[in-house]
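Residue strings, one per chain:
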Amino acid sequence: AAKADFVAEGMFVDVCSCPPPCPCELIEVAMGCKGVGVHQISGKYAGEDLAGVKIAHAKVVGQWVNLYIDAQDERQRAAAEKFGRAAFAGFGRIRQVKAAVIEVSGADGKYTVTVDGGTIMKLETEPVLGGDGKTPIGYTNIKNAVNPTVYQGTCVSATYSDGDKKVTVEKGQNSHFNPKLKSSGK
């Protein structure tokens with residue numbers, strides 16, 4: 001995938017089939033890891049505006065990645081697709097990119113995400129709190145240029161189905177999130 005300068009602010013949440021914490025975000029991609037998630041961002045990629053863009057993904061690491069984009073217009077959707085292709089290139093071949101309606105609700109690690117009203121994807125998460133019983137466990141300086149800081153959550157439920165590709169993540173498996181995502185780079 002083409003690399004270009006980017007600046008991203010917003011939030012992201014994902015879930016995957018790994019027990020917490022998933023090594024994909026922390027140390028190296030885990031082949032066969034199955035997951036779904038979303039980025040809700042403002043910023044720029046290759047000078048193009050990404051304000052308000054949502055990019056959902058479904059993947060089996062090392063095999064395939066499907067992207068879904070909710071953008072204001074065709075130009076912004078094209079910029080978001082380029083960003084998504086670059087951001088997810090290390091997880092597997094981008095099999096398809098589609099326009100979709102992506103809804104995100106919740107806060108502080110307790111999120112619900114749907115793609116096309118839940119007909120394609122629905123996930124729910126909750127945070128894993130640290131020793132103070134109030135603040136989620138956090139990981140900083142990780143090997144993900146877009147998500148350099150993540151917080152630990154757990155999957156409540158997650159399903160994805162589009163054509164011949166399906167992902168289900170069981171309750172209690174990994175979730176990472178960051179409600180105050182801020183990153184830049186190539």
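No experiment lies behind these values; they were computed from the predicted model shown.

Engineer: Give me the lowdown on the packing of aromatic side chains, citing residues and values where you can.
Structural biologist: Counted under the stated rule, the structure contains seven aromatic pairs. Aromatic ring contacts, followed pair by pair, group Phe6, Tyr45 and Phe83 into a single cluster. Here the guanidinium or amino end of lysine 59 rests over the ring plane of phenylalanine 91, the centre of that ring lying 5.2 Å away.

Engineer: How would you summarise helix H2 (residues 74-88) if you had to cite specific residues and measurements?
Structural biologist: An ideal rise of 1.5 Å per residue puts 21 Å on 15 residues; H2 measures up with 21 Å between its terminal C-alpha atoms. By the burial criterion, the buried members of H2 are Gln76, Arg77, Ala79, Ala80, Glu81, Phe83, Gly84 and Phe88. Taken together, the buried residues of H2 touch strand S1 (6-16), strand S2 (34-45), strand S3 (48-49), strand S4 (53-60), strand S5 (64-70) and strand S6 (94-99). Looking at where H2 begins, the residue whose side-chain oxygen comes 3.2 Å from the main-chain nitrogen of arginine 75 is aspartate 73.

Engineer: Pulling in residues and values, what's your account of the pairing of strand S12 (residues 165-169)?
Structural biologist: Burial of the side chains of S12 is restricted to one face: Lys165, Val167 and Val169 are buried, whereas none of Lys166 and Thr168 on the reverse face is. Pairing of strand S11 (residues 149-162) with S12, which is carried by five bridges, proceeds in the antiparallel orientation. The partner of tyrosine 160 across the bridge, within S12, is valine 167. Between S11 and S12, which follow one another and run antiparallel, lie two residues, and glycine 163 among them has a positive phi close to 60°.

Rules of the game
- Per chain, residue numbering runs from 1 following the sequence as it is written.
- Selection of residues for local features in this predicted model requires a pLDDT of at least 70, selection of side-chain atom pairs for listing and counting requires 80 or more, and totals for whole chains, interfaces and linings are taken over all residues.
- To get the side-chain values, all heavy atoms of the structure are used, and hydrogens and water are removed first.
- Any Phe, Tyr or Trp ring, taking Trp's six-membered ring, that has another such ring centre within 6.5 Å forms a pair; planes under 30 degrees apart are called stacked, those over 60 apart edge-to-face, and the others tilted.
- Only when the NZ atom of a Lys or the CZ atom of an Arg is both within 6 Å of the ring centre and within 35 degrees of the ring normal do we say a charge sits over the ring.
- In DSSP terms, a helix is any run of H or I states spanning at least four residues, a strand is any run of E spanning at least two, and both are numbered starting from the N terminus.
- The span you would expect from a helix comes to 1.5 Å times its residue count less one.
- Any residue under 20% of the maximum accessible area for its type is buried, any over 50% is exposed, and the rest in between are partly exposed; the area is computed with a 1.4 Å probe on protein chains only.
- Residue contacts are counted whenever heavy atoms from the two residues lie within 4.5 Å of one another.
- Nitrogen and oxygen atoms within 3.5 Å of one another constitute a polar contact, given that in protein one can donate a hydrogen and the other can accept it, and given that sequence-neighbouring residues count only through two side-chain atoms.
- A pair of strands counts as paired when DSSP detects no fewer than two bridges linking them.

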